[in-house]
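Reading the structure
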Number of protein chains: 2
Amino acid sequence: MNFIDGGVCAANGFLANGIHCGIRKNKQKKDLALIYSEKPASAAAVYTINAVKGAPLKVTKKHLQNGIAQAVICNSGNANTCNANGIEIAEEMSAITAKELNISSDDIVVASTGVIGQPLNIEPIAAGIPKLAKSLGKNSVGAAEAIMTTDTKIKEIAVEFKIGDKICKMGGIAKGSGMIHPDMATMLVFITTDCAISPNMLQKALSGDVNETFNMLSIDGDTSTNDMVTVLANGMAQNEEITEDGTAFNVFMKALNTLTVHLCRSIAADGEGATKMLECKVSNAETKETAKIVAKSVVCSSLLKAAMFGADANWGRVLCAIGYSKANVDVDKIDVAFKSKAGSILVCKNGAGIDFSEEVAKTVLSEEEIEILVDLNSGVEESTAWGCDLTYDYVRINGDYRT
Amino acid sequence: MNFIDGGVCAANGFLANGIHCGIRKNKQKKDLALIYSEKPASAAAVYTINAVKGAPLKVTKKHLQNGIAQAVICNSGNANTCNANGIEIAEEMSAITAKELNISSDDIVVASTGVIGQPLNIEPIAAGIPKLAKSLGKNSVGAAEAIMTTDTKIKEIAVEFKIGDKICKMGGIAKGSGMIHPDMATMLVFITTDCAISPNMLQKALSGDVNETFNMLSIDGDTSTNDMVTVLANGMAQNEEITEDGTAFNVFMKALNTLTVHLCRSIAADGEGATKMLECKVSNAETKETAKIVAKSVVCSSLLKAAMFGADANWGRVLCAIGYSKANVDVDKIDVAFKSKAGSILVCKNGAGIDFSEEVAKTVLSEEEIEILVDLNSGVEESTAWGCDLTYDYVRINGDYRT
């Protein structure tokens, strides 16, 4: 598995771009993204479990009923959620895009991200889509920029893998910085691949993967109304189509997982206000479920997140978060260590504190990527969750996001 | 029901005080509290559900098996949790207290609050208890001060009520500012009453009440390892002992609830770094459970808490938090309003935004106590939850709490 350049345009037959159409006031910020496949593609998606669902998600779900899509249109700056005419607007975005690309409106994935409950004006979008369609090229960065909200960095990645004797490529872009605590799905992630795979197997791959990746990510405990991950697979790598479990499907899953873990880490590192990426690795759990519950509870603890901001090796907060997670663990067997590129340090053994150098701990915790290693010493299962520290800037960003 | 002075010493036969014994470095801060009843009292308690439990809670649970207690000893500055010799230390605290008061060690409630996983030295406590016992008086404030950690205000309250022709009194003190997201129990709350009530009915009253009060309170989503609420009832009001359901029990429940709601509001208002107390009132829910889930989800949302800090009427975050709460609600029926002593303003009707004056909203949200009114328009049940805003100071306090 090799990392390659090109993001969502790395795979054969995919074009993309992003422009500023006028939803956002700041003209320097792109706000409309388009991804297009030269051929109709197998399509799969997972959506937020939030009962308040963005109108675009409802429209996309309808469009993907047949497992086929050919383009993605996405605006930022407005979530098109809790608006009386939201469905109408999302359908109109699809229709205009379909007309410009000369494809069926049912083959459009439509998405929106931004403030909830502000009326969305279709006019700048209607005027922007034709311009955007004409500008399509191998411009994944343009699309990645146009879906950003409070993100400070674009999130893009691509890999290359082999199915039989065919080289396949897969790439993705993501946005997400706040309101991130996915459950069954997450933020906005668009993945493209030229691998041939049936819609059913594509959905199976995606649904299985998100449980180990995006659903193990939390910035602030708030599950968004507009989270969605979609994969388009256009088959242009000319491999034998994957239609069942087996070696080829496993290779595909591995490629997908490489991509999604990378995007999870990128999103965690760029969490609103974050100065540090946290990765909690739970090992030797009795069950997979226990490992997952523990890992996620640790990265979600506001107290631990604030301690990590202060580079304070307050391991008691790790134990506390494990304790209230309701996971079935033997507290007296738990070891905790902190690790970063500056080194690693054991701070808790068998559920109780041990002597350790506060100075070394401070050095370890002053890096930008921190691993929190939790050994449950009770089995062989493991899991990883991602998050970030809680900082003054998270409060600043969210104290005046809307006004 | 009248509010009266005196806190935990308001009821007949209760004495209390607090001193600095030396657990905390700052000599201005009291760190050891004692509450004593002249007669053995019916005793009830509820404890944290955190699987990592403070040693003092385990010892207290054992001591309260017979439903009788006569004194409470509590230190701040160290949680005596995740320490290898924690149980031993807690038993020793009980034994020394019992000896000084000339009562049975089994009749002692022992509690600790502070940092988790730091060894606790018994010496300053052993030296402090005799001094503290000698200083006992009608000094509820001294005890309330000695149990504070990051609290900025003491939390104390008392009420007077009538059972038959007897005047009964009930008072309480509480500590709690961070690591607050109670589940079955909460923080440290000590309640005393001279009402005569059997241990069984006392436990029934307390267990029922906490589900509507402390369990509906969240500062930061972190359920502590040392949360506990205890009530001592020494019967010195000479009312006919309450031994079953009925009018007298209902009066007692009402008094208890008046006290606990007051303490919940005090704790929320003094949440770590808080500038505002949030009270989410959910009305017209189909079931009580739905109302509770919705109310708690709203006050727990980091994004809404930050918006309240910024006095930003970002009601989309209220809808979002309701949406991911997994409560069974009809989103299209939800109305949301903000209210404070400056006025009230409707911001969302039938799940969608309505035109409202941003200026008025800003004025409403600039007060220190904010009500978030959620009308589900689907039934007759209601519930209230309490929390606070998320501020820079929460991050500051928790970025360097331990070091």
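Residues numbered from 1 in each chain as written. Chains lettered and ligands numbered in written order. Predicted model: local features only at pLDDT ≥ 70, side-chain atom pairs only at ≥ 80, totals over all residues. Heavy atoms only, no water.

Side note on the overall build of chain A
Within chain A one finds 11 helices and 15 strands. The C-alpha atoms of chain A give 21 Å as radius of gyration, which agrees with the globular expectation for 403 residues (22 Å, within 12%). Overall size of chain A, expressed as C-alpha extent along the three principal axes, is 70 × 55 × 35 Å. Across the 403 residues of chain A, 63% fall into the buried class. Carbon and sulfur atoms make up 48% of the accessible area of chain A, which totals about 14300 Å². Positive and negative charge centroids in chain A, built from 38 and 48 side chains respectively, lie 4 Å apart. (Helix = DSSP H or I, 4+ residues; strand = E, 2+ residues; numbered from the N terminus. Rg over C-alpha atoms; globule rule 2.2 N^0.38 Å. Buried < 20%, exposed > 50% of the residue type's maximum accessible area, 1.4 Å probe, protein only. Areas by Shrake-Rupley, 256 points an atom, 1.4 Å probe, with all protein chains shown as cover. Lys, Arg positive; Asp, Glu negative; His and termini not counted. Charge placed at Lys NZ, Arg CZ, Asp CG, Glu CD.)

Structural notes on the interface of chain B and chain A
Chain B puts 54 residues into the contact, and the matching count from chain A is 53 residues. For the pair chain B and chain A, the interface holds zero salt bridges. If you look at where chain B meets chain A, you find four residue pairs in polar contact (both at pLDDT 80 or more). Where the side of chain B that touches chain A is concerned, the elements lending two or more residues are α8 (302-309), α9 (316-324), β13 (352-353), α10 (358-365) and α11 (392-399) of chain B. Of the residues in the side of chain B that touches chain A, the class split is 24 nonpolar, 18 polar and 12 charged. (Contact = heavy atoms within 4.5 Å. Salt bridge = Lys/Arg side-chain N within 4 Å of Asp/Glu carboxyl O. Polar contact = N/O pair within 3.5 Å; in protein donor to acceptor, adjacent residues only side chain to side chain. Nonpolar A, V, L, I, M, F, W, Y, C, P; charged D, E, K, R; others polar.)

Re the sheet that holds strand β11 (residues 335-340) of chain A
All names here are of chain A. Taken together, the six strands give an open sheet; going across it, the order is β13-β12-β11-β14-β10-β15, and neighbouring strands pair in mixed fashion. The strands lining the two open edges of the sheet, one partner per strand, are β13 (352-353) and β15 (381-388). Here strand β10 (residues 277-285) pairs with β15 via seven bridges, running antiparallel. In the strand pairing of β15, Cys280 is matched with Ala385. (Pairing = 2+ DSSP bridges.)

Observations regarding the confidence of the model for chain A
Chain-level pLDDT for chain A is 90 on average; 97% of the residues reach the 70-or-more range. Scored as a complex, the prediction yields pTM 0.79 and ipTM 0.75. (pLDDT = per-residue confidence, 0-100.)

Regarding the sheet that holds strand β14 (residues 369-375) of chain B
All names here are of chain B. Strand order in this open sheet of six strands is β13-β12-β11-β14-β10-β15, and the pairing throughout is mixed. Strands with a single pairing partner mark the edges of an open sheet, and in this sheet they are β13 and β15 (381-388). Of the strand pairs in this sheet, strand β12 (residues 343-349) and β13 are connected by two bridges, and their pairing is antiparallel. When the bridges of β13 are listed, Lys349 appears paired with Ala352.

Remarks on unusual backbone geometry
Excluding glycine, residues mostly carry a negative phi; peptide bonds, for their part, are mostly trans. Of note, A:Ala311 is a non-glycine position whose phi angle comes to about 50°, a positive value. With respect to the secondary-structure elements, A:Ala311 resides in the loop between α8 (302-309) and α9 (316-324). Overall, the relative accessible area of 8% leaves A:Ala311 in the buried class. Despite not being glycine, B:Asn284 has its phi angle at roughly 55°, a positive value. One can find B:Asn284 in strand β10 (residues 277-285).

What about the relation of the copies chain B and chain A?
Its rotation angle being 180°, the transformation that places chain B on chain A also includes 0.0 Å of axial translation and leaves an RMSD of 0.0 Å. Such values leave the two copies arranged in the relation of a two-fold axis. Minimal C-alpha separation from the rotation axis in chain B is found for B:Tyr392, amounting to 2.5 Å. Most of the interface of chain B is mirrored in chain A, where 98% of its interface residues again form contacts. (Least-squares fit on C-alpha atoms with pLDDT ≥ 70 in both.)

Some remarks on the packing of helix α2 (residues 86-101) of chain A against helix α3 (residues 122-134) of chain A
Residues and elements named next belong to chain A. Where α2 contacts α3, the two axes come as close as 9 Å, and the packing angle between them is 25°. Of the possible angle classes, the one that applies to α2 and α3 is roughly parallel. Considering the relative orientation of α2 and α3, their crossing is right-handed. Side by side, α2 and α3 meet where Ile89, Glu92, Met93, Ile96, Thr97, Glu100 and Leu101 of the first sit next to Ile122, Ile125, Ala126, Ile129, Pro130, Ala133 and Lys134 of the second. Looking at the contact of α2 with α3, its residues break down into 10 nonpolar, one polar and three charged. (Axes fitted to C-alpha atoms, helices over the stretch in contact; angles between N-to-C directions. Parallel < 35°, antiparallel > 145°, perpendicular 65-115°, else oblique. Left-handed = near helix turned anticlockwise from the far one by under 90°.)

Let's talk about the pairing of strand β8 (residues 188-193) of chain A
Residue and element names in this part refer to chain A. A large share of β8 lies buried, amounting to six of its six residues. Side chains of β8 alternate between two faces, with Leu188, Phe190 and Thr192 and Val189, Ile191 and Thr193 buried alike. Taken together, the six bridges between strand β7 (residues 166-175) and β8 define a ladder with antiparallel strand orientation. What sits directly across from Gly172, in β8, is Ile191. Where β8 and strand β9 (residues 228-233) come together, six bridges link them in parallel fashion. Paired with Leu188 across the strands is Met228, a residue of β9.

Concerning the packing of helix α7 (residues 288-300) of chain A against α9(A)
Between two packed helices, the angle of one axis relative to the other and the distance separating the axes together describe the packing. All names here are of chain A. Viewed as axis vectors pointing N to C, α7 and α9 meet at an angle of 130°, and their least axial separation amounts to 8 Å. By the angle between their axes, α7 is oblique relative to α9. Handedness of the crossing formed by α7 with α9: right-handed. Residue-level inspection shows Val294, Ser297 and Val298 of α7 in contact with α9, the latter providing Val318, Ala321, Ile322 and Tyr324.

Some words on the side chain of A:Ser112
By secondary structure assignment, the location of A:Ser112 is in strand β5 (residues 108-113). Of note is the side chain of A:Ser112, whose polar atom sits 2.6 Å from the side chain of A:Asn75.

Thoughts on the environment of B:Thr391
Tracing the backbone through its elements, the reader meets B:Thr391 in the loop between β15 and α11. Relative accessible area serves as the criterion here: at 2%, B:Thr391 is assigned to the buried category. Once residues within four sequence positions are removed from consideration, B:Thr391 is found in contact with A:Val395, B:Gly273, B:Ala274, B:Thr275 and B:Phe309. A distance of 3.2 Å separates the side chain of B:Thr391 from the backbone nitrogen of B:Asp393, its partner in a polar contact.

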